[in-house]
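One letter stands for each residue in the lines below.
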Amino acid sequence: MEQIEQADHAAFGVGRAALANTVMDGSGLRIDHGRRRGRGAAINMTDRFEPVTREGFDDGWQSLEDLPPFRTDVQVEKPRKILARNTSPDISFDRSINPYRGCEHGCVYCFARPTHAYMGLSPGLEFESRLFAKPDAPRLLAAELAAKSYEPRTIAIGTNTDPYQPVEREWRIMRQVLEVLEAANHPVGIVTKSALVMRDIDILSRMAEKGLAKVAISVTTLDRKIARSMEPRTSTPTKRLEAIRALSDAGIPTSVIAAPVVPGLTDHEIERILDAGAAAGAREASYIILRLPLEVAPIFKDWLLREHPDRYRHVLSLIRSMRGGRDYDAEWGKRMKGSGPYAWQIGRRFEMAARRLGLNAEKQTLRTDLFQPPRLENEQLMLL
């Protein structure tokens, strides 16, 4: 986006962050704070598939002040299948479930934002406010698990959008999915930033007793102010640590993820996050370096200019030093950890802290031998 590029170039001049913000304020891309209160992104750019771009401007009638605030709207999506497959060589699972499309948490760094473009919607504010729920997910999952050709392997949930985002309190799709998995004795691995996961401790603890469940809690920062700005509708860092404690006390294998590590902003917290996670009962740990694919880059840059203009040059310089001079490098094996001296240093710090705390001493492998295919309601019983 031209305006973002102009602001980026301006910010890299000496003491020019103020000029960069002036460029953004005059671009027509930034949404008034009153309309986006409680949201992460401040821009709502046109998705990359549209032939034209749109931006707001004051036509002299002060009509922008009359626009309503962004409120969460949830529509029903009816997919034909609920299991998403992947063959990526640098991730540990080959199948996943996303009960929701879009995420109300509003994390400015969320790498799932570009997927909203496939719906003709903006990866910006619309990603946070125009959501899609999949209430048929439990039924579809049961049907796919019941297929004669199905071979059980751990299903990952929360690797794209968070299954425990605020709308889950009303829709309860994730809980119903867990009920199907429990009935089938099917293994599941969950990643979340929400303390709402504690609601399902009853199901998860029973599954964990059989070696069928584990949960990873992502902790980006222990600084409440940064967390509230960068990931506005997630649980606070303290609540996430409480969730680790509650899950661990219930016998559920739990890990802490320092993710994403934002160089120059949160990377100094790696050891503290692992310390806090281990003290709360986490057995395993991992980390991911900040990723800025496609539309995520301008959203994150705009946030950094607004919230931490004095750190803009430093943060972006470190990011590019780990991404071959670019904002992002999507190469397998590099996209999660980065490359170069600074990325190497972060990796060694993580390894030393994890070893000191006894994290990752034993990796939890979930069982698949207990799997029992669901019996569908309309399934005809075999004749004797």
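Residues numbered from 1 in each chain as written. Predicted model: local features only at pLDDT ≥ 70, side-chain atom pairs only at ≥ 80, totals over all residues. Heavy atoms only, no water.

1. Some remarks on the sheet that holds strand β7 (residues 188-192)
Phase 1 of the analysis: Ordered in space as β2-β3-β6-β7-β8-β9-β10, the seven strands form an open sheet in which the pairing is mixed. Every interior strand has two partners, whereas the edge strands, β2 (83-85) and β10 (284-289), have only one. Each strand of the sheet is rotated relative to its neighbour by a mean of 25°, with strand direction disregarded.
Phase 2 of the analysis: Pairing between strand β9 (residues 254-261) and β10: five bridges, direction parallel. What sits directly across from Ala258, in β10, is Tyr287.
Phase 3 of the analysis: Across the sheet, helix α7 (residues 201-209) touches β7 and β8 (213-218), and the angle it forms with β8 is around 125°. (Pairing = 2+ DSSP bridges. Helix = DSSP H or I, 4+ residues; strand = E, 2+ residues; numbered from the N terminus. Axes fitted to C-alpha atoms, helices over the stretch in contact; angles between N-to-C directions. Contact = heavy atoms within 4.5 Å.)

2. A few points about the packing of aromatic side chains
How two aromatic rings sit relative to each other is set out by the distance from centre to centre and by the angle between their planes.
Phase 1 of the analysis: Evaluation of the coordinates by the stated rule reveals four aromatic pairs.
Phase 2 of the analysis: Their ring planes at 35° and their centres at 5.5 Å tell us that Phe49 and Tyr118 sit as a pair that is tilted. Here the residue Phe49 occupies a position in the loop between α2 (17-25) and β1 (73-76), and Tyr118 occupies one in the loop between β4 (100-101) and α3 (125-129), the gap between them amounting to 69 residues.
Phase 3 of the analysis: You can call Phe49 partly exposed: its relative accessible area is 48%. (Phe/Tyr/Trp six-rings, centres within 6.5 Å; stacked < 30°, edge-to-face > 60°. Buried < 20%, exposed > 50% of the residue type's maximum accessible area, 1.4 Å probe, protein only.)

3. Regarding the pattern of salt bridges
Phase 1 of the analysis: Evaluation of the coordinates by the stated rule reveals 32 salt bridges.
Phase 2 of the analysis: Asp136 serves as the salt-bridge partner of Lys78, at 3.5 Å between the closest nitrogen and oxygen. One end of the pair, Lys78, is in the loop between β1 and β2; the other, Asp136, is in the loop between β5 (130-133) and α4 (137-146), with 58 residues separating them in the sequence.
Phase 3 of the analysis: With a shortest N-O distance of 2.6 Å, Glu231 and Arg240 are connected by a salt bridge. For the residue pair Glu231 and Arg240, the accessibility class agrees, reading buried in each case.
Phase 4 of the analysis: Each of Glu168, Arg175, Glu179, Arg199, Asp200 and Asp202 takes part in a single network of salt bridges with overlapping partners. (Salt bridge = Lys/Arg side-chain N within 4 Å of Asp/Glu carboxyl O.)

4. Description of the packing of α4 against helix α6 (residues 173-183)
Phase 1 of the analysis: Where α4 contacts α6, the two axes come as close as 8 Å, and the packing angle between them is 25°. By the angle between their directions, the pair α4 and α6 is classed as roughly parallel. Handedness of the crossing formed by α4 with α6: right-handed. Taken together, the residues of α6 that come into contact with α4 (itself represented by Ala137, Pro138, Leu141, Ala142 and Leu145) are Ile173, Gln176, Val177, Val180 and Leu181. (Parallel < 35°, antiparallel > 145°, perpendicular 65-115°, else oblique. Left-handed = near helix turned anticlockwise from the far one by under 90°.)

5. Considerations on the side chain of Thr192
Phase 1 of the analysis: Tracing the sequence through the fold places Thr192 in strand β7.
Phase 2 of the analysis: Here Thr192 falls in the buried class, since its relative accessible area comes to 1%.
Phase 3 of the analysis: In this structure the side chain of Thr192 is engaged in a polar contact, spanning 2.9 Å, whose partner is the backbone nitrogen of Ser194. (Polar contact = N/O pair within 3.5 Å; in protein donor to acceptor, adjacent residues only side chain to side chain.)

6. Focus on helix α12 (residues 312-321)
Phase 1 of the analysis: Residues of α12 that are buried: Tyr312, Val315, Leu316, Leu318, Ile319 and Arg320.
Phase 2 of the analysis: Turning to α12, the residues buried within the fold contact α1 (2-11), α11 (296-307) and α13 (341-357).

7. Overview of the pairing of β8
Phase 1 of the analysis: The element β8 is extensively covered by neighbouring structure, given that five of its six residues are classed as buried.
Phase 2 of the analysis: Two elements, β7 and β8, share five bridges in a ladder whose sense is parallel. When the sheet's bridge partners are listed, Gly189 is paired in β8 with Lys214.
Phase 3 of the analysis: Between the parallel elements β7 and β8, the chain passes through α7 in a crossover that is right-handed.
Phase 4 of the analysis: As judged from the four bridges shared by β8 and β9, these two strands associate in the parallel manner. Paired with Val215 across the strands is Thr254, a residue of β9. (Right-handed = clockwise from strand over helix to strand, strands pointing away.)

8. Focus on the state of the cysteines
Phase 1 of the analysis: Here the structure, examined in full by the defined rule, presents zero disulfides.
Phase 2 of the analysis: Here Cys107 is not disulfide-linked; the sulfur of Cys110 is the nearest cysteine sulfur, at 6.2 Å. (Disulfide = S-S within 2.5 Å.)

9. Observations concerning the packing of helix α10 (residues 270-279) against α13
Phase 1 of the analysis: Where α10 meets α13, the axes come as close as 10 Å, and the angle between the chain directions of the two elements is 25°. Between α10 and α13, the crossing angle belongs to the class labelled roughly parallel. As for how α10 packs across α13, the hand of that crossing is right-handed. In this structure, α10 uses Ile270, Glu271, Leu274, Asp275 and Ala278 to contact α13, whose residues at the interface are Ile346, Arg349, Phe350, Ala353, Ala354, Arg356 and Leu357.
Phase 2 of the analysis: Class assignment of the residues belonging to the contact of α10 with α13 gives a composition of eight nonpolar, no polar and four charged. (Nonpolar A, V, L, I, M, F, W, Y, C, P; charged D, E, K, R; others polar.)

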